[in-house]
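Results of the structural survey
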Amino acid sequence: RAADLVERSALGVDLVPTGRGLADAEAIMLESGYSETILGQVLAPVRGKYDYILLDCPPGVGLLTVNGLAAADSVLVPTQPDYLAVKSLGTMLEAISSTKVRLSLDLEILGVFVNMGNRGTRHYRQMVEAVGALGADGVRVFQTTLDDHVAVKEASRLCQSVVRCFPHDGSAGAYLLLAREVDALTLAHGAISEVPTIGDGRGAGRLGAEAQPSESPTQTEESNFGLNTNASECGSPKNFHCPGAAT
């Protein structure tokens, strides 16, 4: 049961950490008769307890990611501003759309955002422009970009949230801005009545999967509230790994 695996972080965010056994998960799921919907069934009893549940999916569209998509209401797609990652975006978006049709999912691609960028290079600017061009095809592109700051790596090493460790760093502000963009969309769709505070638990239960292009694995973005179901193992439940995703 998902409720039995939940760990409470110091920020008031509930986490379900991954473990080494996740490597065998696909084989185990294939043996069941409901391999693509197991995650949704496990999360169903706790959905009403959270405003947001963020599902950090692996790169590509394997069985684990398909489970995330089948359990989610919406998808956030992070991409690095690198040529191969941006080139694979179209394939990823098509794969998500085909999975939605095949499984008859009520699933929305909430948008694409740039992650782990180095804005001081010409290549970065070119790739951000290429990602922005997706807007012409009807794909939402978030205005906020997340840079490859040392603070994010250091916070990850410390198994802490960058917002908590380095609250005045630009990367912490960027994560908060992205969260507000997601909030604005969620509010517009009527999922919740107001922006939730951390861990307020009013219970709208919106699930978001974060699907990553297979050409360039990215980190999971820290969830600001709700249940993050792929936090890395960092020992004590009070530690929060802000790796990379959520939607």
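Description of the overall build of the protein chain
- On a plain count of helices and strands, the protein chain comes out with ten helices and seven strands.
- For the protein chain, the proportion of its 247 residues judged to be buried stands at 48%.
- Accessible surface computed for the protein chain: about 11500 Å², of which carbon and sulfur atoms make up 53%.

Some details on the side chain of Ser-171
- With respect to the helices and strands, the residue Ser-171 is situated in helix H10 (residues 170–188).
- Setting aside residues no more than four positions away along its own chain, Ser-171 makes contact with His-149, Ala-151, Val-152 and Val-162.

Re the pattern of salt bridges
- Tallying each qualifying case throughout the model produces seven salt bridges.
- Notably, a salt bridge pairs Asp-147 with Arg-119, separated by 2.7 Å at the nearest N-O pair. Here the residue Asp-147 occupies a position in the loop between helix H7 (122–132) and helix H8 (150–157), and Arg-119 occupies one in the loop between strand E5 (108–114) and H7, the gap between them amounting to 28 residues.
- With a closest N to O distance of 2.4 Å, Arg-157 and Glu-154 form a salt bridge. Taken together, the residues Arg-157 and Glu-154, both in helix H8 and three residues apart, mark about one turn of the helix.

Considering unusual backbone geometry
- The backbone of Met-116 shows a phi angle near 60°, a positive value even though the residue is not glycine.
- Here Met-116 shows up in the loop between E5 and H7.
- Judged by relative accessible area, which is 22%, Met-116 ranks as partly exposed.

A look at the confidence of the model for the protein chain
- Put simply, the protein chain has an average pLDDT of 77, and 75% of its residues get 70 or more.
- Considering only residues more than four positions removed or in separate chains, one finds that residues 191–206, a stretch of pLDDT under 50, has 51 contacts.
- Here residues 214–247 is a poorly scored stretch, pLDDT under 50, and it has 146 contacts once near neighbours within four places are set aside; other chains count.

Notes on the pairing of E5
- Among the seven residues in E5, five count as buried, and that is most of the element.
- Judged from the six bridges that link them, strand E4 (residues 74–79) and E5 form a sheet pairing that is parallel. Within the sheet, the bridge partner assigned to Pro-78 lies in E5 and is Phe-113.

Examining H7
- The set of residues buried in H7 consists of Tyr-124, Met-127 and Val-131. Buried residues of H7 fall within an arc of 70° about the axis and therefore sit on the same side. H7 presents Arg-122 and Glu-129 as exposed residues on the side facing more than 90 degrees away from its buried surface.

With respect to the nonpolar core
- Ranked by internal contacts, the top residues of the largest apolar core, which has 18 residues, are Val-77, Ile-96, Leu-107, Val-112 and Val-131.
- For this core, the secondary-structure elements that each account for two or more residues are E4, helix H6 (89–102), E5 and H7.
- It is H6 that provides the largest number of residues to this core, a total of four residues.
- Among the nonpolar cores identified, the runner-up in size contains 15 residues, and Tyr-52, Phe-113, Ala-155 and Leu-185 belong to it.

Some points on the side chain of Asp-14
- With respect to the helices, strands and loops of the structure, Asp-14 is situated in strand E2 (residues 14–17).
- When its relative accessible area of 9% is taken as the criterion, Asp-14 is described as buried.
- Polar contacts involving the side chain of Asp-14 include one to the side chain of Arg-8, which spans 2.5 Å.
- Here the side chain of Asp-14 touches Tyr-50 through a polar contact of 2.6 Å, side chain to side chain.

Topic: the environment of Tyr-175
- Tracing the backbone through its elements, the reader meets Tyr-175 in helix H10.
- Judged by relative accessible area, which is 8%, Tyr-175 ranks as buried.
- Taking C-alpha positions, Tyr-175 is 7.0 Å from Leu-146, a pair spaced 29 residues apart along the chain.

Analysis parameters
Residues numbered from 1 in each chain as written. Predicted model: local features only at pLDDT ≥ 70, side-chain atom pairs only at ≥ 80, totals over all residues. Heavy atoms only, no water. Helix = DSSP H or I, 4+ residues; strand = E, 2+ residues; numbered from the N terminus. Buried < 20%, exposed > 50% of the residue type's maximum accessible area, 1.4 Å probe, protein only. Areas by Shrake-Rupley, 256 points an atom, 1.4 Å probe, with all protein chains shown as cover. Contact = heavy atoms within 4.5 Å. Salt bridge = Lys/Arg side-chain N within 4 Å of Asp/Glu carboxyl O. pLDDT = per-residue confidence, 0-100. Pairing = 2+ DSSP bridges. Arc of directions from axis to C-beta. Core = buried A, V, L, I, M, F, W, Y, C linked by side-chain atoms within 4.5 Å. Polar contact = N/O pair within 3.5 Å; in protein donor to acceptor, adjacent residues only side chain to side chain.

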